[in-house]
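Summary of structural features
Below, each chain spelled out in residue letters.
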Amino acid sequence: MGKANRERRRAKQKKTREQRRHRASNTASGAFAGGREPGRDELVLSLVGQAVHGLHQGADEPEPELVAALVENPSPGWAHAVDRILFTALEESVGHVWESGWQPAELVRAVKRELGREAGALVADAVVVENRRYAAARVADVWAAQVRDLGEPWWGEGAVQPGEFAERHGPSRQAYVGMALCVLALLAALPPLQVLLPLPGKAWARPVRQGEQADPAKLAKVRALLAKAEATEFPEEAEALTARAQQMMARHRIDHAALAAETGTESEVGGRRLPLDAPYEQHKAVLLNVVADANGCRSVWHNHLGLCTVMGQAEDVNAVEMLFTSLLVQATRAMQRAGSTRDVRGRSRTRSFRSSFLSAFAARISERLNESVHTEQDRAVHEYARAGTDLLPVLASKERQVEEAVAEAFPELGSVQLNHSNNVQGWRAGRAAADSAALHTGQRIES
């Protein structure tokens, strides 16, 4: 991406964030009618709006005076009004975030990363509350599963009361109010993401067409192979098991594409965002990228969010997530066995060792997976050709569909230079763990 395009992109993103913050501040602050004394709700909204605005201007925490004004007013009904307004604001803010592409699990994770575990629990409950607005039949299965994973509602089948919500999420009223204000500010400032699932309340039920559904028996075999690869202590055995799993997934993908072509159906290309937790997010993104490439998908890294979007047909994306998770387990276990490292002066070299380890590991995985895929694809092409079916146009069509979907979803896609560590010991250990050759310096992944 050229410099001018990058500048236009940054300016557009800045403008979008400012507009979102402006709308959030206006929503929170309310308005006073000409000259009259503001009512209790209007005053609470004004204090909340001022606090959120201050956080948007760069403050690390809400102004103590504003928090005190919200917490310490002894007038009858004041505490209830504060609880009710904060509760409603949290619920409505969560609903607005869905329109920007965020999903329940991603939202809770993002809040935990920025504000901590307690704030994440607060948002998790707000998500559960907000999603009770929608009929179950109008919520996508994947969305509903993410909400269920956040936990059962502690308030039971009825409606949660704002006062109960406040008591649940703060050791003191001051702590709760301060945390709720920080959450409101963060929700209003989250960057937009691509909408990958139907929004709750707008989902639709579509019958599964022939050729779209995976073979459960084959996937069970793949999972069993990967589980054995994770459990074994022998690198050679892990490599052989992982290679076999990749061959099975490649063959399943090819057969799936051929069946779709024969029946005249085409699986839709979609996306799924996968979390990449610190440390070594960049190096994990490289590993995910090579796994995606080997399985007919594309991976796009969201810098600073700890997320990667994998674009591809649904079963291919499933295969990518499954294999990537297994390989990450194997790489992590190998690094842990290596332990911490120090240089000749006793200084810690563990971080550079592990970053080099993951770079070398990803390089070898790329070579091995590509070799497995090409071998299996060549075999399948010859088998189908003998039966009178030309697979090459089918596979080319799949690849073209994915490329077009990526271009549509990410019209301003650029690339970023990855940091490259030169820890020789870590590099050799990574090579040994994946039985491999080196990663080229300066490998780039899309961001």
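Fair warning: this is a prediction, and the values are worked out from it, not measured in the lab.

Quick look at the overall build of the protein chain
When its secondary structure is counted, the protein chain shows 16 helices and five strands. For the protein chain, buried positions account for 48% of its 447 residues. The contacts of the protein chain with a sequence gap of at least 6 include a subset with a gap of at least 24, amounting to 76%. Accessible area of the protein chain: about 22900 Å², with a carbon and sulfur share of 51%.

Observations regarding helix α14 (residues 350–386)
Each turn of an α-helix holds 3.6 residues, which means side chains three or four residues apart point in the same direction. Between the first and last C-alpha of α14 there are 54 Å, a value that for 37 residues agrees with the 54 Å anticipated at 1.5 Å per step. Immediately downstream of α14, the backbone of G388 shows phi near 95°, a positive value.

Brief notes about the pattern of salt bridges
Counting across every chain of the model gives 11 salt bridges. For R272, the salt bridge goes to E321, with nearest N and O atoms at 2.7 Å. Within this pair, whereas R272 is found in strand β1 (residues 269–275), its partner E321 is found in helix α13 (residues 314–338), the two being separated by 49 residues in sequence. E321 gets classed as partly exposed once you look at its relative accessible area, which sits at 30%. Taking the shortest distance from any N to any O, the salt bridge between E376 and R379 comes out at 2.7 Å. Linking E376 with R379, this pair stays in helix α14, spanning three residues, or about one helical turn. Overall, E376 belongs to the buried group, its relative accessible area being 6%. On the basis of relative accessibility, which here comes to 38%, the residue R379 falls in the partly exposed class.

Re the pairing of strand β3 (residues 307–313)
Judged by how many residues are buried, β3 sits mostly within the fold: seven of seven residues are covered. Taken together, the seven bridges between β1 and β3 define a ladder with antiparallel strand orientation. Paired with R273 across the bridge in β3 is T309. In the sheet, strand β2 (residues 298–302) pairs with β3 via five bridges, with the strands oriented antiparallel. Across the sheet, H302 pairs through a bridge with L307, a residue of β3.

Some points on the sheet that holds β3
The antiparallel open sheet is built from three strands, whose spatial order is β1-β3-β2. Each edge of the open sheet carries a strand with a single partner, namely β1 and β2. Going across the sheet, the axis of each strand differs from the next one's by a mean of 25°, ignoring polarity. Sheet strands in contact with helix α12 (residues 281–294) are β1, β2 and β3, and its direction is about 160° off that of β2. Across the sheet, helix α15 (residues 391–409) touches β1, β2 and β3, and the angle it forms with β3 is around 140°.

Focus: the nonpolar core
In a soluble, globular protein the nonpolar side chains are often hidden away together inside. Membership of the largest hydrophobic core comes to 58 residues, with the highest contact counts inside it found for L86, L107, Y176 and L181. Looking at this core, the elements with two or more residues in it are α2 (40–56), α3 (64–72), α4 (78–98), α5 (104–115), α6 (117–131), α7 (141–149), α8 (162–168) and α9 (173–189). Counting residues per element, this core draws most heavily on α9, which supplies 11 residues. Once residues lying within four places of it in the same chain are set aside, the contact partners of Y176 are D83, L86, F87, L90, L122, F165, A166, H169 and G170. Judged by nonpolar contacts, the second largest core, of 44 residues, contains L276, M322, L328 and A334.

Side note on the pairing of β2
The element β2 is largely enclosed, with a buried count of five among its five residues. Once β2 ends, the chain turns through four residues before running back antiparallel as β3, passing H304 with a positive phi of about 75°.

Here we look at α9
Taking 1.5 Å per residue, 17 residues should reach 24 Å; α9 reaches 25 Å between its end C-alpha atoms and fits that length. Across the 17 residues of α9, 14 count as buried, placing the element largely inside the fold.

Structural notes on the environment of A189
Structurally, A189 is set in helix α9. When the C-alpha atoms of A189 and V97 are compared, they prove to be 9.7 Å apart, with 92 residues separating the residues in sequence.

Concerning the confidence of the model for the protein chain
In this model, the protein chain carries a mean pLDDT of 80, and residues with pLDDT of at least 70 account for 76%. In the model of the protein chain, strand β5 (residues 444–446) stands out as the element of lowest mean pLDDT, 37, in contrast to α6, which has the highest, 97. In the model, residues 23–37 has pLDDT below 50 throughout and makes 20 contacts with residues more than four positions away in sequence or in other chains. For the stretch residues 435–447, pLDDT sits under 50, and the model shows 47 contacts to residues farther than four places along the chain or on other chains.

Digging into unusual backbone geometry
A cis amide bond, omega 0°, links A278 with the succeeding residue P279. The topology assignment puts P279 in the loop between β1 and α12. Unusually for a residue other than glycine, Y280 sits at a positive phi of about 65°. Structurally, Y280 is set in the loop between β1 and α12. Looking at Y280, the relative accessible area reads 12%, which means it is buried.

Reading the values: the criteria
Along each chain, the written sequence defines residue order, and numbers are assigned to residues from 1. Side-chain atom pairs in this predicted model are given and counted only at pLDDT of 80 or more, local residue features only at pLDDT of at least 70, and totals for whole chains, interfaces and linings cover all residues. Here the side-chain values reflect all heavy atoms present in the structure, with hydrogen atoms and water set aside. What counts as a helix is a DSSP run of H or I of at least four residues, what counts as a strand is a run of E of at least two, and both are numbered from the N terminus. Three exposure classes are used, based on accessible area relative to the maximum for each residue type with a 1.4 Å probe and protein chains only: buried under 20%, partly exposed in between, and exposed over 50%. Note on definitions: a residue-residue contact is assigned when non-hydrogen atoms from the two residues lie within 4.5 Å. A 1.4 Å probe and the Shrake-Rupley method give the accessible areas. Residues count as covered only by the protein chains that appear here. One less than the number of residues in a helix, times 1.5 Å, gives the span that helix is expected to have. One side-chain nitrogen of Lys or Arg within 4 Å of one carboxyl oxygen of Asp or Glu is enough to make a salt bridge. Here, any two strands with at least 2 DSSP bridges between them count as paired. Axis definition: a line fit to C-alpha positions, over the contact stretch in the case of helices; interaxial angles, taken between N-to-C directions, run 0 to 180 degrees. Think of a nonpolar core as a cluster: buried Ala, Val, Leu, Ile, Met, Phe, Trp, Tyr and Cys residues, connected wherever their side-chain atoms sit within 4.5 Å. Note: pLDDT gives the predictor's confidence per residue, expressed from 0 to 100.

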